[in-house]
Amino acid sequence: MEDEITAFEGGERWDPAKVGAHWQQELERAQRYFKSWHDRCVKIEKIYLDQQSDQTSAAKRRFPMLWANTAVLQPAVYARVPQPVVERRFKDAEPVARIASEIVERNLAYTGDEADIDSIMRAVRDDFLLCARGTVWLRYEADFEPLDMGVAPSDPPAGGLLGEMGGPSMEAIADERVCIDYVHWSDFLHSPARRWKDVTWVARRVTMTEEEMEKRFGREAMASGAAQAAAGGKGASQAERAENEGKTHVWEIWCKSENYTVWIAEGSPVALEVSEPPLDLAHFWPCPRPAYGTVSTSSLIPVPDYVYYQQQCDEIDLLTKRINKLTDQLRLKVFYPSGDGAISPAIEKAMRPDNDMVMVPIPEWAAFTDKGGSKAVVTLPIDEVQKVIVACMAARKQLIEDVYQITGISDIVRGDTQASETATAQRIKSQWGSIRIRDRQAELARFARDIIRLAGEIICDQFQPETLMLVSGIKLPTMAQKQQVEMQLQQMQMAAQQTAMRAQQMGQPAQSSPEMAPPELPPQLQQMMGQPTIDEVVQLLRNDSIRGFQIEIETDSTIEPDEDAEKQRRMEFVQMVGGFMQQAGAMAQQSPMLVPVMVETLLFAARGFRAGRQLESMLEQVGGQLSQAASAPKPEPQPSPGEMLKLKTAEVKAGAEQRKAELGVAQAEIEHRAAVEQARGEMAAQAIDQMRAAQSLYPGATA
């Protein structure tokens, strides 16, 4: 453990005492830098929670102006869970990048659900509205399990320790996750700077028990005195002291200038751990830039909004107390003569507060009427008190309007409007009333986007292929599986070729049997071979990380949705696709060569719509099929049934005429042969006649 605490890059040894002393000074300097802001935020938080005074008495009642303004702004600046959107930075037709972006997006959505990012964002929103700063902290966690090597372990030695050749047992990652921790505004520090890019270190404070510290840092660190800090009894209030009882405040520090992390207990001069950063992040920090309210260009010390209308709130509280005191004076006070026997008790009975309707008998009626009857009772006038109360309420109302002018909370945001106003007037008031809120909405949306980007970077760099596929639900083949299928296909092709060669040697025609036909893959294997492998996806994520992707959150996903606007976007997309396909269909029939151009044009238009992102892959698949069909040679048109009948009739006639002609030729040949034979016979007869005539002329020649 000591090596893990003090070892650093290049083999340099770090002294925990020197590192601890240095960072105790840095933390104290940063705390002095933020002290005025810290004290102001403590007061504001007490006012918001109404813990400064008891409001049971009228003299201590206050007007909850801060709570009212915060309650109005809370749903206006953040109301819904941010939805991650991962897209290719350059939208080329690459299936590996498309599948990788979908896997990362699903993993981010699952991470947000598991980390309960909604409650975290709501806590950050409250810190942002009250103290003008809110932040979170991200970390990577993994659970390990022993790796089953398929070999039964041997008996351990008597001492229970592994020998020199034994080594540690091999482990595999069983589960892994990205944790998003909310950091209270008082538990976050950074180096004094004017801009966030100039910050050199950031730190957060966590509370840990002795068992947690021993499990995290080991017994050596606990025994070295690094954990000796003032444990328990910390906190300004009784609730804080009870929460911190038996726990130690530990600071986790990330130093960008020195490229290391430090763990140090608050008040301890010795560091618990000094090590390299556990995460290799692009911007080094494990936290996004805090969500800032009002800050100047001279420092990163924020100014809470309550500061700008605190005086008006004090005057409102003063008037509220005055109104409450004067209201208590609005009581009927009666003066009547005493010592008149039965008359005084009768007046007292009639003027009791619990008597709404009473009938009082008076025995000495004559004496009562002689003294004036009802004129014997005199009341204290309260008209002046009523006028003062009305004036105080008018002054308080004007101060409240001043606060609304300062904060920018218009009447339409508070839901206060007049029925006589037209819809156009209310729409204009809504647009102008939300202008000053848009900056706050954009700041919290930027903060949520940075959280998701950090989580995406950790997922790309750390998650195993099995985790990526398990969380996303996307099953991809491995490179080994593809190679195995390719080898099987090659073996099948070689077997088919050998069968064909044997058939040729035996004198059989090629492919005369199904065994000689070329092998074909099943549809499932064909689909698998067309998909990218998980190895290619992981290699892309490891090499490019988030550089090849554009991680955003859906527009307006952190505020209340406008259903009409969402419907309008979807209708615009449907109208665009329908109109384009109608025009493109006519053009494709006339010029099939323009089909690829039309497909790319449709994809270009669809990628501009957020609603069309889900249909992008389907449009690409259908567009590729259409382009392939358009470029393929067209088959000859099939004739109609009537034309087929005419063709058949013509073929029959042509066959008959051909056969007739063949018969005529054969008959002519026969006749020609008969004429030739006849001529030969006649010539032979003439020759015989000539010989006979010669014999008759020369009879002796014969002898």
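Now for a look at the structure at hand. Throughout this document, residue positions are counted from 1 along each chain, in the order its sequence is written. Local features in a predicted model are, by the rule used here, given only for residues with pLDDT of at least 70; side-chain atom pairs are given and counted only at 80 or more, and totals for whole chains, interfaces and linings are based on all residues. Side-chain numbers come from the whole structure's heavy atoms, not from hydrogens or water.

## Some words on the overall build of the protein
Next, step 1: Secondary structure summary: the protein contains 23 helices and 12 strands in total.
Next, step 2: For the protein, the proportion of its 703 residues judged to be buried stands at 33%.
Next, step 3: Should any heavy atoms of two residues lie within 4.5 Å, those residues are considered in contact. Within the protein, contacts between residues separated by at least 24 positions form 76% of all contacts whose residues are at least 6 apart in sequence.
Next, step 4: In this description, accessible areas are obtained by the Shrake-Rupley approach with a 1.4 Å probe, and a residue is regarded as covered only by the protein chains that are shown. Counting every atom, the protein has about 44,300 Å² of accessible surface; 54% of that belongs to carbon and sulfur. Note on conventions: DSSP H or I runs of at least 4 residues are helices, E runs of at least 2 residues are strands, and numbering of each starts at the N terminus. Only protein chains enter the accessibility calculation, which uses a 1.4 Å probe. A residue is then buried if its area is under 20% of the maximum for its type, exposed if over 50%, and partly exposed in between.

## Focus: the environment of proline 82
Next, step 1: Positionally, proline 82 belongs in the loop between α4 (65-77) and β1 (84-88).
Next, step 2: The spacing of proline 82 and alanine 448 is 366 residues in sequence and 6.8 Å in space, taken between C-alpha atoms.

## Re the pairing of strand β7 (residues 260-265)
Next, step 1: Counting buried residues in β7 gives six out of six residues, a clear majority hidden from the surface.
Next, step 2: Alternating residues of β7 divide into Tyr260, Val262 and Ile264 and Thr261, Trp263 and Ala265, and every residue in both groups is buried.
Next, step 3: Adjacent in sequence and paired antiparallel, strand β6 (residues 248-255) and β7 are bridged by four residues, among which asparagine 259 carries a positive phi angle near 60 degrees.
Next, step 4: When DSSP finds two or more bridges between a pair of strands, those strands are recorded as paired. Of the pairings in the sheet, the one linking β7 to strand β8 (residues 271-275) comprises four bridges and is antiparallel in character. The partner of valine 262 across the bridge, within β8, is valine 274.
Next, step 5: Taking the residues that link successive antiparallel strands as the turn, the β7-β8 hairpin has five residues, and the phi of glycine 267 there is positive, at about 90 degrees.

## Remarks on the packing of aromatic side chains
Next, step 1: Stacked, edge-to-face and tilted labels apply to pairs of Phe, Tyr and Trp rings (six-membered ring for Trp) whose centres lie within 6.5 Å, assigned for plane angles under 30 degrees, over 60, and everything in between, in that order. In this structure the tally under the stated criterion is 10 aromatic pairs.
Next, step 2: Ring plane angle 50 degrees and centroid distance 6.4 Å describe the contact between tyrosine 140 and phenylalanine 463, whose orientation is recorded as tilted. Within this pair, whereas tyrosine 140 is found in strand β2 (residues 133-146), its partner phenylalanine 463 is found in the loop between α14 (435-462) and α15 (465-472), the two being separated by 323 residues in sequence.
Next, step 3: Ring pairs connect the aromatic residues Tyr33, Phe34, Trp37 and Trp185, which therefore count as one cluster.
Next, step 4: Across from the ring centre of phenylalanine 34, 5.5 Å away, lies the NZ or CZ of arginine 133, which sits over that ring.
Next, step 5: Lysine and arginine charges are scored as sitting over a ring when NZ or CZ, respectively, is within 6 Å of the ring centre and within 35 degrees of the ring normal. In this structure, arginine 216 packs its charged tip against the face of tryptophan 263, placed 4.9 Å from the ring centre.

## Some remarks on the packing of helix α9 (residues 310-328) against helix α12 (residues 383-407)
Next, step 1: Packing of α9 against α12 leaves a shortest axis separation of 9 Å and a crossing angle of 160 degrees. Our classification of the angle between α9 and α12 gives roughly antiparallel. Here the hand of the crossing between α9 and α12 comes out left-handed. In contact with Gln312, Glu315, Ile316, Leu319, Thr320, Arg322, Ile323, Leu326 and Thr327 of α9, α12 contributes Val385, Val388, Ile389, Cys392, Met393, Ala395, Arg396, Leu399, Ile400, Val403 and Ile406.
Next, step 2: Gly is put with the polar residues, along with every residue not named as nonpolar or charged; the nonpolar set is Ala, Val, Leu, Ile, Met, Phe, Trp, Tyr, Cys and Pro, and the charged set is Asp, Glu, Lys and Arg. When the residues that make up the contact of α9 with α12 are grouped by side-chain class, the tally is 14 nonpolar, three polar and three charged. Between N-to-C directions, angles span 0 to 180 degrees; the directions come from axes that are lines fitted to C-alpha atoms, helices contributing only their stretch in contact. Roughly parallel means an angle under 35 degrees; roughly antiparallel, over 145; roughly perpendicular, 65 to 115; everything else is oblique. The hand of a helix crossing depends on one turn: near helix anticlockwise from the far one by less than a right angle means left-handed, and clockwise means right-handed.

## Quick notes on the sheet that holds strand β3 (residues 171-183)
Next, step 1: Here three strands make up an open sheet; going across it, the order is β3-β2-β9 and the pairing antiparallel. For this open sheet the edge positions go to β3 and β9 (291-292), each flanked by a neighbour on one side alone.
Next, step 2: Sheet topology note: the β2/β3 ladder contains 12 bridges and is antiparallel. By the bridge assignment, valine 136 is partnered in β3 with tyrosine 182.
Next, step 3: Packing of helix α6 (residues 117-131) onto the sheet brings it into contact with β2, β3 and β9, and relative to β2 it is tilted by some 155 degrees.

## What about unusual backbone geometry?
Negative phi is the rule for most residues except glycine; trans is the rule for most peptide bonds.
Next, step 1: Of note in this structure, aspartate 116 is not a glycine but carries a positive phi near 55 degrees.
Next, step 2: Assignment of secondary structure puts aspartate 116 in the loop between α5 (95-115) and α6.
Next, step 3: A positive phi angle, close to 70 degrees, is found at alanine 132, a residue other than glycine.
Next, step 4: Tracing the chain through its elements places alanine 132 in the loop between α6 and β2.

## Focus: the pattern of salt bridges
Next, step 1: Just to be clear on terms, a salt bridge is a Lys or Arg side-chain nitrogen sitting within 4 Å of an Asp or Glu carboxyl oxygen. Under the criterion given, the structure shown has 23 salt bridges.
Next, step 2: A salt bridge links lysine 35 to aspartate 39, with the shortest nitrogen-to-oxygen separation between them at 2.9 Å. Pair noted here: lysine 35 and aspartate 39 are both in helix α3 (residues 35-49), with a separation of four residues, about one helical turn.
Next, step 3: Accessibility expressed as a relative area gives 48% for lysine 35, which makes it partly exposed.
Next, step 4: By relative accessible area, which is 31% here, aspartate 39 ends up partly exposed.
Next, step 5: As a salt-bridge pair, glutamate 266 and arginine 205 come within 3.2 Å of each other at their nearest N and O atoms. Placement of glutamate 266 in the loop between β7 and β8 and of arginine 205 in strand β5 (residues 201-208) is noted, with a sequence separation of 61 residues between them.
Next, step 6: By relative accessible area, which is 18% here, arginine 205 ends up buried.
Next, step 7: Salt bridges sharing common partners tie together Arg139, Glu141, Asp143, Asp175, Arg177, Asp181, Arg204 and Glu252.

## Things to note about the packing of α4 against α14
Next, step 1: In contact at an axis separation of 9 Å, α4 and α14 are set at 55 degrees when each is read in the N-to-C sense. The orientation of α4 with respect to α14, classified from their angle, is oblique. Crossing angle aside, the handedness with which α4 passes α14 is right-handed. Seen from α4, the contacting residues are Leu73, Ala76 and Val77; seen from α14, they are Ile437, Arg440, Gln441 and Leu444.
Next, step 2: By residue class, the composition of the contact of α4 with α14 is five nonpolar, one polar and one charged.

## Some words on α6
Next, step 1: With 15 residues, α6 ought to run about 21 Å at 1.5 Å a step, and its terminal C-alpha atoms sit 20 Å apart, in line with that.
Next, step 2: Within the span of α6, buried status applies to Ile117, Ile120, Met121, Val124, Arg125, Asp127, Phe128, Leu129, Leu130 and Cys131.
Next, step 3: Where α6 terminates, the next one or two residues include alanine 132, which has phi positive at roughly 70 degrees. A helix's residues, less one, multiplied by 1.5 Å, set its expected span.

## Focus: the side chain of threonine 467
Next, step 1: Within the secondary structure layout, threonine 467 lies in helix α15.
Next, step 2: With a relative accessible area of 13%, threonine 467 lands in the buried category.
Next, step 3: In contact with threonine 467, not counting residues within four places along its chain, are Asn107 and Glu176.

## Considering the sheet that holds β6
Think of a sheet as strands paired side by side through backbone hydrogen bonds, with each pair either parallel or antiparallel.
Next, step 1: If you walk across this open sheet you meet the five strands as β4-β5-β6-β7-β8, and the pairing is antiparallel. Of all strands in the sheet, those with a lone pairing partner are β4 (188-190) and β8, marking the two edges. With direction set aside, neighbouring strand axes in the sheet form an average angle of 20 degrees.
Next, step 2: Against the sheet, helix α2 (residues 16-33) contacts β4, β5, β6, β7 and β8, and its axis sits at roughly 80 degrees relative to β7.

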